[in-house]
Amino acid sequence: MLSIAWPCFAGRPPRDPRTLRSLDLVPLLSSPIYTPLFASPPFAALLHRPLLLRLSLRRRLRGLHRTPPPLDKENPNMDETEKSHSEIKLYSRLRLWEFPDNYIFEPVDTVADSYLAVSRADGSMNLIGELPQCGPVQSPNVCTVFGIIGMLKLLVGSYLLVITERECVGSYLGHPIFRVSTLRILPCNHSLSNSPAEQKKTEAEFSVLLNAAERTSGLFFSYDVNLTLCMQRLHDMGSESKPLPLWRQAEPRFLWNNYMLEPLIDNNLNQYLLPIVQGSYQHFQAAIGTNIVDVTLISRRCTRRTGTRMWRRGADRDGYVANFVETEQILQANGLTASFIQVRGSIPLLWEQIVDLSYKPSFDLVKPEEAPRVAELHFLDLGKKYGSVLAIDLVNKHGSEGRLSERFANAMQPIVSEDIRYVHFDFHRICGHIHFERLSLLYDQIGDYLKKHGYFLLNEKGEKVEEQTGVVRTNCIDCLDRTNVTQSMIGRKMLESQLKRIGIFGADETISAYPFFDASFKILWANHGDDISIQYSGTPALKGDFVRHGKRTVQGIVKDGWNALARYYLNNFVDGTKQDAIDLLQGHYIVSLSRDMTPTTKAAGLETYASFRLAFALVLAGFMFAMMSLRQARNDARHLLLSLFWAGLSLGVTALVRANGRMFTNRPRLFRSRH
């Protein structure tokens, strides 16, 4: 039987409290919601983060929950720096002065008595009292930035990430929410000019990966409110978190720039520390009779096992799963506010699906004997954060998916209890490709659970009327397409229940009775599904036409086919490099200055020369020459032999590529996955 009362996160022993510098408030609540390669150069300088990273936020935060001290004026645990900055807001607009030797950040939205100077030689930071003088020789470029995301240190230089364009997309608890429109990377690597040639080469190859940061989608932030926490958690914390800087209030698993904030944290730059969340924000407002109804959908992507579709599957040994996303649906009407939480995440077993040029690579279970332990750790973590858990498995019952689903069901048997439920629903067999209305059969199985555990509700005075005591966890294979259709159905049912509760809907009314409201709700969830899918797979969600229009369309089916082909291309030929960039940005792997730069052993044999582009060119050329020779074979028999030779070459190269498909794909170089 699974216990939900273990004293430490994910069943691991607590770490030294002295290493905990962030998120003192994680364990504050008893509320169920949120209770608290080395194989190939130039990557020889790569070290696994936990071995070296002395001050990693993740390391300080993942292993320990402790009750925070009282947050009052006499609190000895709040240092003078925190006291002085406790009521000061984050800088929302900065003027960037690009001097030859320093980047200077000047706050322009408030009167500041200091400026942040960042050395362009090594990235060191300090506050200065006045701006350097600008003369005819020293004429800096000047531009406006809207926040500092953080700094990433590579082998020699450091790289500062700043927000150059933003877009206000809505509000959360009355505070503006912004989407990052454009990022810029400011190199602080002048010292690289004095480095050996080998270090320069290595630094250059690592820095290329940073370009992926400029293309990262779905980044959101607020200068005033903590986006990493849901409304129920924020309400239960009340005013106790206000004395802390915003970054210290953040939930670390949803803090996208967790690792990159460390250099700013080390320099006590609280007013520059801007928490960033990756996910989705959607909103609409509609009238129902004389009532104005606001509906918001916020998603938060977990960074513990983040990555791309084929290179991050399943769980790690601590039970953290790939593509874990928390989605909060918020209703505001007649002065009342309701919030409902759902989560999605990959099947919590050690499994992978390595690309090999086939359309659907096989599923490989890694250490199947550990499946029960990993699943238990995962649901233990969910239980501590959300209370009761209902796991909905949408995977096929037969075929390769069926074997994975069977392993999942077997691992759940010793875990299932009053607080942990497991429901299997074969989405493809029951709903097929067009009959998604049959999801009502699933709702018949889970409706009682949703009614029992409810949602979070505030009255006109901001007082808690009801709280959510459990969460629905949905998964398919990718946790994208089938999952999004299912979650939108659950979100619709809960929204109807809330509208009836606050008196806007009658007992028998449904959302479909109001065409504009119905269409807006569908678009809300369809756009949300596209956002989450693009971040994980690189393409919009499949089956989006049903979510968007309530039925399958010919145009939607054609679009799904195109997106499926795009996923195939990205998974096989792009995502390996993208995965390296994600690992670098998230601090899952860091570059060590002390690491010996001697190159590791190079790949031998076919792997050294494997190139899909070269192989494709040989096949195409062989086919063309074979056709040309065959046309001339009637005049000269030797051309028949040549046509056979070229055809044999094409077939031989094709067979070689098929037999060694994994070698011809774009694979991560910083990470060789065996969990």
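What you are looking at is a predicted structure, and each value in this text was computed from that prediction instead of being measured.

### Quick notes on the overall build of the protein chain
Part 1 of the argument: Helix and strand content of the protein chain: 18 helices and 22 strands.
Part 2 of the argument: Scored against the burial criterion, the 675 residues of the protein chain give a buried share of 57%.
Part 3 of the argument: With an accessible surface of roughly 28,700 Å², the protein chain has 55% of that area assigned to carbon and sulfur atoms.

### Concerning the sheet that holds strand E3 (residues 102–107)
Part 1 of the argument: Here we have five strands laid out as an open sheet, ordered E5-E4-E3-E2-E6, and antiparallel in their pairing. Because the sheet does not close on itself, it has two edges, and the strands there are strand E5 (125–128) and strand E6 (141–145). The sheet shows a mean angle of 25 degrees between the axes of neighbouring strands, direction not considered.
Part 2 of the argument: Taken together, the four bridges between strand E4 (residues 115–119) and E5 define a ladder with antiparallel strand orientation. Each bridged residue has a counterpart across the sheet, and for Ala117 the counterpart in E5 is Asn126.

### Side note on helix H11 (residues 481–501)
Part 1 of the argument: Helix length check: H11 (21 residues) gives 30 Å between terminal C-alpha atoms against 30 Å at 1.5 Å per residue, within 8%.
Part 2 of the argument: Positive phi appears at Gly503, one or two residues downstream of H11, with a value of about 90 degrees.

### Some details on the packing of aromatic side chains
The relative placement of two aromatic rings is captured by the distance of their centres and the angle of their planes.
Part 1 of the argument: All told, the structure shown has 15 aromatic pairs when counted by the stated rule.
Part 2 of the argument: The interplanar angle of 65 degrees and the centroid separation of 5.6 Å between the aromatic rings of Trp351 and Phe363 together place this pair among those described as edge-to-face. One end of the pair, Trp351, is in strand E15 (residues 351–352); the other, Phe363, is in the loop between E15 and strand E16 (364–365), and twelve residues separate them in sequence.
Part 3 of the argument: Plain terms: the ring middles of Phe645 and Trp646 are 5.1 Å apart, the flat faces sit at 70 degrees to each other, and that makes the pair edge-to-face.
Part 4 of the argument: By way of ring pairs, the aromatic residues Phe178, Phe221 and Tyr223 are connected into one cluster.
Part 5 of the argument: Arg304 extends its terminal NZ or CZ atom over the ring of Tyr320, reaching a point 4.9 Å from the ring centre.
Part 6 of the argument: Taking the ring centre of Tyr443 as reference, the NZ or CZ of Lys493 above it sits at 5.0 Å.

### Observations regarding empty space enclosed by the protein
Part 1 of the argument: A volume near 80 Å³ is recorded for the largest cavity.
Part 2 of the argument: Considering only residue class, the lining of the largest cavity consists of five nonpolar, two polar and three charged.

### Examining the pattern of salt bridges
Part 1 of the argument: All chains considered together, the criterion is met by 29 salt bridges.
Part 2 of the argument: Salt-bridge contacts for Glu328 lead to Arg300; the nearest nitrogen and oxygen are separated by 2.8 Å. Of this pair, Glu328 sits in strand E13 (residues 325–333) while Arg300 sits in strand E12 (residues 291–301); the two residues are 28 residues apart in sequence, bridging distant segments of the chain. Accessibility assignment for this pair places Glu328 and Arg300 in one class, buried.
Part 3 of the argument: Between Asp478 and Arg309 there is a salt bridge whose closest N-O contact spans 3.0 Å. A residue pair is termed long-range when its members are at least 10 positions apart, and Asp478 in the loop between strand E21 (470–475) and H11 and Arg309 in the loop between E12 and E13 qualify at 169 residues.

### Thoughts on a nonpolar patch on the surface
Part 1 of the argument: A surface patch of nonpolar side chains, amounting to about 920 Å² of accessible area, comprises Phe616, Leu620, Phe623, Met624, Met627, Leu630, Leu640, Leu641 and Leu644.
Part 2 of the argument: Listed by contribution, the elements that provide at least two residues to the nonpolar patch are helix H17 (612–631) and helix H18 (637–659).
Part 3 of the argument: Per-element tally for the nonpolar patch: the top contributor is H17, with six residues.
Part 4 of the argument: Here Leu641 is to be found in helix H18.
Part 5 of the argument: Accessibility expressed as a relative area gives 60% for Leu641, which makes it exposed.

Reading the values: the criteria
Residues numbered from 1 in each chain as written. Predicted model: local features only at pLDDT ≥ 70, side-chain atom pairs only at ≥ 80, totals over all residues. Heavy atoms only, no water. Helix = DSSP H or I, 4+ residues; strand = E, 2+ residues; numbered from the N terminus. Buried < 20%, exposed > 50% of the residue type's maximum accessible area, 1.4 Å probe, protein only. Areas by Shrake-Rupley, 256 points an atom, 1.4 Å probe, with all protein chains shown as cover. Pairing = 2+ DSSP bridges. Axes fitted to C-alpha atoms, helices over the stretch in contact; angles between N-to-C directions. Expected span 1.5 Å × (residues − 1). Phe/Tyr/Trp six-rings, centres within 6.5 Å; stacked < 30°, edge-to-face > 60°. Lys NZ or Arg CZ within 6 Å of the ring centre and 35° of its normal. 1 Å grid on protein atoms, 1.4 Å probe; cavity = no way out; pocket = protein on both sides within 12 Å on 5 of 7 lines; lining within 4 Å. Points joined across faces, edges and corners; volume = space filled by probe spheres on them. Nonpolar A, V, L, I, M, F, W, Y, C, P; charged D, E, K, R; others polar. Salt bridge = Lys/Arg side-chain N within 4 Å of Asp/Glu carboxyl O. Patch = residues over 30% accessible without salt bridge, like charges linked within 9 Å, V, L, I, M, F, W, Y side chains within 5 Å.

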